Amino acid sequence: MAEAVFACIARDHRWDRQVDDCGDYLARLVRDLDMDLTPIIDLFWTADRDLDLDDETSYDEGSFHVTLRVLETLGHAGDRRAVAALRQAVAEAGHWMTVLDEITGRWPRPSWDDLDTVVLARLTPQDEEDVLGFRDPWTTWAQRHTRIKDLTRRTAERSARPPTPAPRPNDVLVAVLTDPLASRGERSAAVRELARSAPEPRLLDLAEDLFGTPLLHRAVSRLGPAAIGHARVWAQDGRMHRFGAALLAKHGTEQDIPRLIEAWDRWWEADEWCGFDVLADGFARFGAVAADAVPRLRAMWQWTPHSYERTACLRALLAVDPLAAEVPLVQGLFDSESGVREFAAAHVHLDHVTRTVLDGLVHDPIERPEVRQLAATRLASR
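Definitions and cut-offs
Residues numbered from 1 in each chain as written. Predicted model: local features only at pLDDT ≥ 70, side-chain atom pairs only at ≥ 80, totals over all residues. Heavy atoms only, no water. Helix = DSSP H or I, 4+ residues; strand = E, 2+ residues; numbered from the N terminus. Buried < 20%, exposed > 50% of the residue type's maximum accessible area, 1.4 Å probe, protein only. Contact = heavy atoms within 4.5 Å. Areas by Shrake-Rupley, 256 points an atom, 1.4 Å probe, with all protein chains shown as cover. Lys, Arg positive; Asp, Glu negative; His and termini not counted. Charge placed at Lys NZ, Arg CZ, Asp CG, Glu CD. Axes fitted to C-alpha atoms, helices over the stretch in contact; angles between N-to-C directions. Parallel < 35°, antiparallel > 145°, perpendicular 65-115°, else oblique. Left-handed = near helix turned anticlockwise from the far one by under 90°. Nonpolar A, V, L, I, M, F, W, Y, C, P; charged D, E, K, R; others polar. Core = buried A, V, L, I, M, F, W, Y, C linked by side-chain atoms within 4.5 Å. Disulfide = S-S within 2.5 Å. Polar contact = N/O pair within 3.5 Å; in protein donor to acceptor, adjacent residues only side chain to side chain. Salt bridge = Lys/Arg side-chain N within 4 Å of Asp/Glu carboxyl O.

## What about the overall build of the protein?
A count of helices and strands for the protein gives 24 helices and 0 strands. Considered along the principal axes of its C-alpha atoms, the protein spans approximately 60 × 60 × 40 Å. Looking at the protein residue by residue over its 382 residues, the buried ones come to 48%. Within the protein, contacts between residues at least 6 apart in sequence are counted, and of these 64% link residues at least 24 apart. Looking at the protein as shown, the accessible area adds up to about 19,300 Å², and 53% of this sits on carbon and sulfur atoms. Distance between charge centroids for the protein: 5 Å, based on 46 positive and 63 negative side chains.

## Thoughts on the packing of helix α3 (residues 38-50) against helix α5 (residues 80-92)
The N-to-C vectors of α3 and α5 enclose an angle of 15°; their axes lie 11 Å apart at closest approach. Classed by the angle they form, the pair α3 and α5 counts as roughly parallel. Crossing of α3 against α5: the hand is right-handed. Facing Thr38, Ile41, Phe44 and Trp45 of α3, the residues of α5 in contact are Arg81, Ala85, Leu86, Gln88, Ala89 and Glu92. Split by residue class, the contact of α3 with α5 holds 6 nonpolar, 2 polar and 2 charged.

## With respect to unusual backbone geometry
Here aspartate 136 and proline 137 are connected by a cis peptide whose omega angle stands at 10°. The phi dihedral of aspartate 34 is positive, around 55°, even though this residue is not glycine. Along the chain, aspartate 34 turns up in the loop between α2 (23-32) and α3. On the accessibility criterion, aspartate 34 (67% relative accessible area) is exposed.

## Digging into the environment of tryptophan 268
By the element assignment, tryptophan 268 lies in helix α17 (residues 257-269). Taking relative accessible area as the criterion, tryptophan 268 reaches 24% and is therefore assigned partly exposed. With 36 residues separating them in the primary sequence, tryptophan 268 and threonine 304 have C-alpha atoms 9.8 Å apart. If sequence neighbours within four positions are ignored, tryptophan 268 has contacts with Trp273, Phe276, Ala299, Met300 and Trp303.

## As for the nonpolar core
In terms of nonpolar packing, the biggest core is built from 71 residues, with Val220, Leu279, Phe283 and Leu358 touching the most fellow members. Once residues within four sequence positions are removed from consideration, phenylalanine 283 is found in contact with Ile257, Leu260, Ile261, Trp264, Ala290, Ala293 and Val320. Counting residues in each nonpolar core, the second largest holds 46 residues, with Phe64, Ala89, Met97 and Leu151 among its members.

## Description of the state of the cysteines
Taken as a whole and assessed by the stated rule, the structure comprises 0 disulfides. Considering cysteine sulfurs only, cysteine 313 is the nearest to cysteine 274, which forms no disulfide, with 15 Å between them.

## Observations regarding the environment of arginine 31
Structurally, arginine 31 is set in helix α2. Among the residues examined, arginine 31 registers a relative accessible area of 32% and is labelled partly exposed. Spatially, the C-alpha atom of arginine 31 lies 9.6 Å from that of alanine 77, the residues being 46 residues apart in sequence. Engagement of the side chain of arginine 31 in a polar contact is seen with the side chain of aspartate 32, the distance being 2.9 Å.

## As for the pattern of salt bridges
All told, the structure shown has 32 salt bridges when counted by the stated rule. The salt bridge involving arginine 202 is made with aspartate 171; its shortest N-O contact spans 2.7 Å. Placement of the pair is arginine 202 in the loop between α12 (184-194) and α13 (203-210) and aspartate 171 in helix α11 (residues 170-178), with a sequence separation of 31 residues. With a shortest N-O distance of 2.8 Å, arginine 341 and glutamate 367 are connected by a salt bridge. Here glutamate 367 lies in the loop between α23 (352-362) and α24 (369-381) and arginine 341 lies in helix α22 (residues 338-347), a separation of 26 residues in the sequence.

## A short note on the packing of helix α20 (residues 310-320) against α22
Taken N-terminus to C-terminus, the directions of α20 and α22 make an angle of 25°; their axes are 8 Å apart at the nearest point. On the basis of the axis angle, α20 is roughly parallel to α22. Here α20 runs over α22; the crossing is left-handed. Contacts from Arg310, Thr311, Leu314, Arg315 and Leu318 in α20 reach Gly339, Val340, Phe343, Ala344 and His347 in α22. Classifying every residue of the contact of α20 with α22 by side-chain character gives 5 nonpolar, 3 polar and 2 charged.

Pasting the structure below:
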């Protein structure tokens, strides 16, 4: 088992590192298996040495972030060796600012506050451009270091947004969208405003020409049920089928369940692994009448490469077929995603086994505060 855990730390298998979580899960396994931290720390230093942060496909990019998160989580839970390793990394690692940002997010102040002189000695003009002066440690250190105080002021100036211009009437925005001489930037700005304005029905006839424009889906979705007719057509179109299916998942009626099933199967067969959470939310809206979705949701629960989508899957299973959700809810208590653990803790059937697991979550320093609180509330409710 320990060898398999180390292999998962050494090779980041997440489909999308920005949305799929694994650090707390792996750290818990390292702790529970009483694994030796030496190989993990060595792996961290190797990845730091070889890492090119500009290459997001780099093997070392994944190894660096996974080992960093595992060590940060263990340090957060009180592992002194993990704390010592990452404190040393702030002083010596090539990507020390990434380490500093990580440990100051959850670690108690005494564990990093005395690193200020080390950091001041390492800061280069290039590093200063990456300082996030609106958060710790910089806000704390700015109180006693003039140089850092100046950096936080510069950060505030960089992040200051220009005044928001007065909103334009929908007629003006639609005129921009229908103007053949309007630039792509002008059209994008008009759609962005429509995504915040009163619902605009004329977008329905313009959507195909505007397809691919950022925030178009949000602007059209504001029309609610009025968009269903167009969405049913789009859901059949090869270019806009995702756009239309997402609208039907949010606003469609029971007669659209077969269309959502068809969209699901089309994406699944084409190995298009994004967006199943949107369709799952649609099935959850319909409840038991979407029974045909159950085998698909079960397959998604087992095979989706996006761990974050499992929360929507679990929510849909419970709404459509509570019996089919019983086993996944128990499994969800051990999931890598905190959102899944939180949902499972709220809805799992309470028996001797699940009570024991929930009690473990309540007292686990690695667990997220919201999950711990929910588990405690659930245990106290019966």
